[in-house]
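Structural overview for review
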Amino acid sequence: MYEAFFSHDATNFRPSAIREFAKLINDPNIISFAGGVPSPETFPAERIAEIAARVIRERRAVALQYGPTRGLPRLCEFIATLCRTRGVDCTADDVLTTTGSQQALDLIAHTLLDPGDVVLVELPTYIGGSASFFARSAELEGVAQDDDGIVPESLREVATRVRAAGRRIKLLYTIPNFQNPSGRLMTQQRRDQVLQIAAEHDFLVIEDDPYGELVYVDDADTTAMKSRDREGRVLYLGSFSKVLAPGLRCGWIVAPPALLAKLEIAKQAADLCSAMLDQSIVDELCHAGELPPQIAKVRDFYRGKRGVLIAELERHFATRATWTPADGGLFTFVTLHDDVDTGALVADAVARGVAYIPGGPFFVDGSGRNTMRLTFAKEPDERIREGIARLASVFA
Ligand SMILES: Cc1ncc(COP(=O)(O)O)c(C=O)c1O
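One structure accompanies this document, and this report is about it. (Residues numbered from 1 in each chain as written. Predicted model: local features only at pLDDT ≥ 70, side-chain atom pairs only at ≥ 80, totals over all residues. Heavy atoms only, no water.)

**Details of the sheet that holds strand β5 (residues 149-150)**
- Strand order in the open sheet formed by 8 strands is β2-β9-β8-β7-β6-β3-β4-β5, and the pairing between neighbours is mixed. What marks the edges here is a single partner per strand, and that holds for β2 (95-98) and β5.
- Taken together, the 4 bridges between strand β7 (residues 204-208) and strand β8 (residues 234-239) define a ladder with parallel strand orientation. What sits directly across from valine 205, in β8, is valine 234.
- In this fold helix α8 (residues 152-164) packs onto β3 (118-123), β4 (139-146), β5 and β6 (169-174), with an angle of close to 160° to the strand it touches most, β4. (Pairing = 2+ DSSP bridges. Helix = DSSP H or I, 4+ residues; strand = E, 2+ residues; numbered from the N terminus. Contact = heavy atoms within 4.5 Å. Axes fitted to C-alpha atoms, helices over the stretch in contact; angles between N-to-C directions.)

**As for the sheet that holds strand β14 (residues 371-375)**
- Ordered in space as β10-β11-β14-β13, the 4 strands form an open sheet in which the pairing is antiparallel. Here the strands that pair on one side only, and so sit at the sheet edges, are β10 (321-323) and β13 (357-358).
- Here β10 runs beside strand β11 (residues 331-336); their pairing, made up of 3 bridges, is antiparallel. Counterpart to tryptophan 323 in the pairing with β11 is valine 334.

**Focus: helix α9 (residues 188-201)**
- The terminal C-alpha atoms of α9, which comprises 14 residues, lie 20 Å apart, in line with the 20 Å expected from a rise of 1.5 Å per residue.
- Among all positions in α9, only Gln188, Arg190, Arg191, Val194, Leu195, Ile197, Ala198 and His201 are buried.
- Contacts from the buried residues of α9 go to β4, β5, α8, β6, β7 and β8.
- Backbone geometry just downstream of α9 places aspartate 202 in the positive-phi region, at approximately 55°. (Expected span 1.5 Å × (residues − 1). Buried < 20%, exposed > 50% of the residue type's maximum accessible area, 1.4 Å probe, protein only.)

**Let's talk about the packing of helix α12 (residues 291-317) against helix α14 (residues 381-394)**
- Viewed as axis vectors pointing N to C, α12 and α14 meet at an angle of 25°, and their least axial separation amounts to 9 Å. With respect to their mutual orientation, α12 and α14 come out roughly parallel. Every pair of crossing elements has a handedness; the one defined by α12 and α14 is right-handed. Seen from α12, the contacting residues are Lys305, Val308, Leu309, Glu312, Leu313, His316 and Phe317; seen from α14, they are Asp381, Ile384, Arg385, Ile388, Ala389, Leu391 and Ala392.
- A class-by-class count of the residues in the contact of α12 with α14 yields 9 nonpolar, 1 polar and 4 charged. (Parallel < 35°, antiparallel > 145°, perpendicular 65-115°, else oblique. Left-handed = near helix turned anticlockwise from the far one by under 90°. Nonpolar A, V, L, I, M, F, W, Y, C, P; charged D, E, K, R; others polar.)

**A few points about the pairing of β14**
- With 5 of 5 residues buried, β14 lies mostly within the body of the structure.
- The alternating pattern of β14 places Thr371, Arg373 and Thr375 and Met372 and Leu374 on opposite faces, both of which are buried.
- Taken together, the 2 bridges between β13 and β14 define a ladder with antiparallel strand orientation. Bridge pairing in β14 links isoleucine 357 to arginine 373.

This is how it looks when you write it as structure tokens:
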């Protein structure tokens with residue numbers, strides 16, 4: 001009986017096609033490369049507990065109270081400083097804190113999209129991003145990626161085709177640093193080309209950067225695309241989820257003033273302010289100078305695991321697949337021969353005690369059936385070795 005009550009947008013909601021696979025990560029008999037979350041071993045839990053106890057006792061009028069929609073002023077200052085180290089020219093006035101960067105995606109979708117507007121997304125792309133756009137009844141068009149990031153010819157071709165059909169492109173959604181799911185890093189030259197095409201075709205760009213600090217090599221240039229943005233087209237999104245803990249729902253948007261003012265009003269309607277306890281904890285930790293050593297620890301934690309996973313792929317998959325180098329982030333993305341259907345083989349893999357995420361759901365054009373996403377975040381080294389051997393038997 002509720003069908004008649006649902007909004008037009010609600011009829012376009014898409015449940016996450018990978019949630020069911022993520023369930024597999026909690027069975028101890030299954031070696032899981034299926035997770036999409038950071039390892040709890042990286043969370044600075046003791047420090048969070050100490051700071052939480054202190055701010056609750058000593059700063060209750062802030063930590064347990066409503067707060068400014070923009071966010072705690074000192075935290076906004078810190079975020080602006082952090083963004084400047086990534087090349088983003090901004091001050092605290094340019095920052096809106098959000099309840100994770102996921103809320104940033106939702107607020108932007110809410111503020112900018114009308115039903116039928118086109119959002120260009122990478123092939124593959126982050127499912128939580130596409131979910132936010134589908135939830136506003138947008139239409140998604142995929143743009144090809146290669147190992148250097150978005151392919152400019154594809155972006156230009158898709159933009160030209162969409163506009164020739166009389167449709168309005170509002171946004172490009174991109175994750176230039178160690179993308180989820182592909183693990184790819186976009187080159188700086190490509191970032192320039194993407195911005196140039198955005199100007200030619202007059203659309204805005206969401207640059208989502210939750211993985212930029214998780215770097216495992218020396219020569220990765222993760223400077224934000226926004227550092228090249230002369231026209232105010234880029235909305236830059238960041239998050240503490242991958243470097244501190246995602247349970248502290250703390251992300252942000254850096255955007256031009258006129259956009260930020262609208263987003264702030266959207267946020268007032270959504271939740272008044274992000275959790276002040278979460279912000280207080282993040283603020284204290286950052287103010288005490290603990291973020292840089294924490295980031296160094298997180299990098300060290302993942303660097304070794306990533307090395308083990310890649311070495312095992314080389315050992316077992318050299319002739320039957322290619323994969324992205326995972327120089328940062330949490331994932332490598334594996335492409336098998338054209339006739340392999342990773343979705344159809346999941347049950348078989350689970351029966352053999354190993355799990356992965358099939359790549360298909362990350363492609364809005366229905367391609368990618370022969371791909372899969374693997375994370376090295378969850379399992380200890382020995383289980384990574386055993387897991388890749390099991391996976392090899394699935395795709396033998
Ligand atoms: C690309 C990307 N964007 C955004 C998010 C959401 O992160 P959070 O809301 O925790 O900041 C994730 C989480 O996995 C992600 O991979």
